[in-house]
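Inside the fold
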Number of protein chains: 2
Amino acid sequence: MPADIVFALDPRLAADTRAVGDLELSRVLLMNDARFPWLILVPRRAGLRELIELPRDAQQTLLDEINRCAYVLHAMEKPDKLNIATLGNVVAQLHVHVIARFANDAAWPRPVWGVGERVPFPATVLDARMTSLRAALRLTANA
Amino acid sequence: MPADIVFALDPRLAADTRAVGDLELSRVLLMNDARFPWLILVPRRAGLRELIELPRDAQQTLLDEINRCAYVLHAMEKPDKLNIATLGNVVAQLHVHVIARFANDAAWPRPVWGVGERVPFPATVLDARMTSLRAALRLTANA
């Protein structure tokens with residue numbers, strides 16, 4: 001397979017996140033921002049930009065994986081609302097945000113994108129968060 | 001069925017939109033904002049707030065209806081990007097935005113929500129838009 005059609009995570013997504021692991025279709029990322037519990041799913045198919053480019057069966061797999069991440073965030077965080085979105089105006093690679101929102105969070109009731117500056121987790125908190133998420137999503141670090 | 005479990009469109013959604021028609025699960029609304037080609041799908045189930053509250057088969061119907069709206073907006077508008085999102089921080093009733101975005105639109109690359117003021121369509125333009133959308137979505141005015 002030529003290198004240009006192999007999946008590679010967009011470097012801007014990689015820079016702001018930690019990889020939790022791979023589900024059947026999607027790589028699950030944790031946004032390294034202590035202000036919001038925030039997962040991102042990236043289907044591991046090269047060159048994808050729009051949801052409608054993904055075949056129906058793969059979309060249904062993605063929907064199941066969105067539910068899995070949403071259930072886990074909902075169970076762990078007990079948010080006031082979940083925000084689920086694929087925008088891609090800045091990073092065109094297809095990716096889906098699943099964010100636990102609270103009525104007293106740093107952006108409420110606005111969307112989180114472009115609000116203030118990302119606040120990275122302290123390293124020990126990030127490690128603990130990754131361990132909890134991998135257990136809840138039944139992913140291993142090497143998945 | 002008691003009145004409180006009958007579906008009713010949130011009045012804030014109703015105030016900003018025109019009803020295009022009803023698909024199998026969702027009411028399709030056109031946001032009355034000339035700045036952005038913007039549809040909203042509202043599953044006609046009373047009391048829904050979160051995607052994960054909807055059973056899997058209904059979610060798959062919703063996904064098909066999102067695709068239908070996204071294809072129609074993509075074909076009509078040839079946007080640079082589609083934005084698809086369910087947020088609900090302001091209006092909790094479950095609703096899904098499908099928005100055609102352009103690199104020169106009034107909010108790019110930011111999300112559209114909360115940016116500036118809504119610019120209602122002139123009445124004749126709105127009527128023409130509704131006619132085009134109903135034809136493209138194969139909906140009738142009384143659906």
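A short tour of the structure in this document, coming up. (Residues numbered from 1 in each chain as written. Chains lettered and ligands numbered in written order. Predicted model: local features only at pLDDT ≥ 70, side-chain atom pairs only at ≥ 80, totals over all residues. Heavy atoms only, no water.)

**Describing the interface of chain A and chain B**
Size of an interface: often given as the accessible area lost when the parts come together. The interface is formed by 32 residues belonging to chain A together with 32 residues belonging to chain B. Carbon and sulfur atoms supply 53% of the area that chain A and chain B bury against each other, a total of about 2,900 Å² over both sides. Interface area lost by chain A to chain B is led by Ile-52, Lys-81 and Asn-89 of chain A, which between them contribute 24%. Linking chain A with chain B are 4 salt bridges, by the criterion used here. Seen at the junction of chain A and chain B, the total is 24 residue pairs in polar contact (both at pLDDT 80 or more). (Contact = heavy atoms within 4.5 Å. Buried area = accessible area lost by both parts, 1.4 Å probe. Salt bridge = Lys/Arg side-chain N within 4 Å of Asp/Glu carboxyl O. Polar contact = N/O pair within 3.5 Å; in protein donor to acceptor, adjacent residues only side chain to side chain.)

**Here we look at the sheet that holds strand β5 (residues 96–101) of chain B**
Overall, antiparallel pairing links the 10 strands, which are arranged β1(A)-β2(A)-β3(A)-β5(A)-β4(A)-β4(B)-β5(B)-β3(B)-β2(B)-β1(B) in an open sheet. Since the sheet does not close on itself, it has two edges, and those belong to β1 (17–22) of chain A together with β1 (17–22) of chain B, each with one partner. On average, adjacent strands in this sheet sit at an angle of 20 degrees to one another, irrespective of strand direction. Sitting on the sheet, helix α2 (residues 56–77) of chain A is in contact with β2 (26–31), β3 (38–43), β4 (81–86) and β5 (96–101) of chain A, with an inclination near 20 degrees to β5 of chain A. The sheet strands contacting helix α3 (residues 123–137) of chain A are β1, β2 and β3 of chain A, and the helix crosses β1 of chain A at an angle near 25 degrees. (Pairing = 2+ DSSP bridges. Helix = DSSP H or I, 4+ residues; strand = E, 2+ residues; numbered from the N terminus. Axes fitted to C-alpha atoms, helices over the stretch in contact; angles between N-to-C directions.)

**Let's talk about the relation of the copies chain A and chain B**
The two chain copies are connected by a rotation around an axis plus a translation along it. If you rotate chain A by 180 degrees and push it 0.0 Å along the axis, it lands on chain B with an RMSD of 0.0 Å. The superposition operator between the copies reduces to a two-fold rotation axis. It is Ala-85 of chain A whose C-alpha, among those of chain A, lies nearest the rotation axis, at 2.0 Å. A symmetric contact is evident, with 100% of the interface residues of chain A recurring at the interface of chain B. (Least-squares fit on C-alpha atoms with pLDDT ≥ 70 in both.)

**As for empty space enclosed by the protein**
All told, the structure shown has 2 cavities of 30 Å³ or more when counted by the stated rule. Its boundaries defined by the atoms lining it, the largest cavity holds a volume of some 250 Å³. If you go around the largest cavity, you meet 18 residues; those closest to its centre are Ile-66 and Ile-84 of chain A together with Leu-63, Ile-66 and Ile-84 of chain B. Split into classes, the residues belonging to the lining of the largest cavity amount to 14 nonpolar, 4 polar and no charged. The volume enclosed by the second largest cavity comes to roughly 40 Å³. If you trace the second largest cavity, you find it lined by Leu-30, Pro-37, Trp-38, Leu-39, Leu-73, Glu-77, Arg-129 and Leu-133 of chain B. Residue assignment for the lining of the second largest cavity shows that the elements contributing at least two residues are β3 (38–43), α2 (56–77) and α3 (123–137) of chain B. (1 Å grid on protein atoms, 1.4 Å probe; cavity = no way out; pocket = protein on both sides within 12 Å on 5 of 7 lines; lining within 4 Å. Points joined across faces, edges and corners; volume = space filled by probe spheres on them. Nonpolar A, V, L, I, M, F, W, Y, C, P; charged D, E, K, R; others polar.)

**Some points on the packing of aromatic side chains**
Residues and elements named next belong to chain A. Summed over all chains, the structure comprises 2 aromatic pairs over all chains. Between Phe-36 and Trp-38 the ring centres are 6.2 Å apart and the planes differ by 70 degrees, which places this aromatic pair in the edge-to-face class. For the pair Phe-36 and Trp-38, one class covers both residues: buried. (Phe/Tyr/Trp six-rings, centres within 6.5 Å; stacked < 30°, edge-to-face > 60°. Buried < 20%, exposed > 50% of the residue type's maximum accessible area, 1.4 Å probe, protein only.)

**Some thoughts on α3 of chain B**
All names here are of chain B. With 15 residues, α3 ought to run about 21 Å at 1.5 Å a step, and its terminal C-alpha atoms sit 21 Å apart, in line with that. Three or more residues of α3 are buried, namely Leu-126, Met-130, Leu-133, Arg-134 and Leu-137. The arc enclosing the buried residues of α3, seen along the axis, measures out at 100 degrees, which places them on a common side. Turned more than 90 degrees away from the buried face of α3 sit Thr-124, Thr-131 and Ala-135, all of them exposed. For α3, the secondary structure elements touched by its buried residues are β1, β2 (26–31), β3 and α2. Trailing α3 by a residue or two, Arg-138 shows a phi angle of about 55 degrees, which is positive. (Expected span 1.5 Å × (residues − 1). Arc of directions from axis to C-beta.)

**Topic: the pattern of salt bridges**
Residue and element names in this part refer to chain A. All chains considered together, the criterion is met by 20 salt bridges over all chains. For Asp-33, the salt bridge identified is with Arg-35, shortest N-O distance 2.7 Å. Residue class for Asp-33 comes out buried when judged on its relative accessible area of 2%. According to the relative accessible area criterion, Arg-35 is partly exposed, its value standing at 22%. What you see here is one network of salt bridges that share partners, running through Asp-22, Arg-27 and Arg-44.

**What to know about the side chain of Lys-81 of chain A**
Locating Lys-81 of chain A in the fold gives a position in strand β4. At 3.3 Å, the side chain of Lys-81 of chain A forms a polar contact with the backbone oxygen of Arg-49 of chain B. Here the side chain of Lys-81 of chain A touches Leu-87 of chain B through a polar contact of 3.2 Å, landing on its backbone oxygen. Filtering out sequence-adjacent residues up to four positions away, Lys-81 of chain A remains in contact with Ile-99, Ala-100, Arg-101 and Trp-108 of chain A together with Arg-49, Glu-50, Leu-87, Gly-88, Asn-89 and Ala-92 of chain B.

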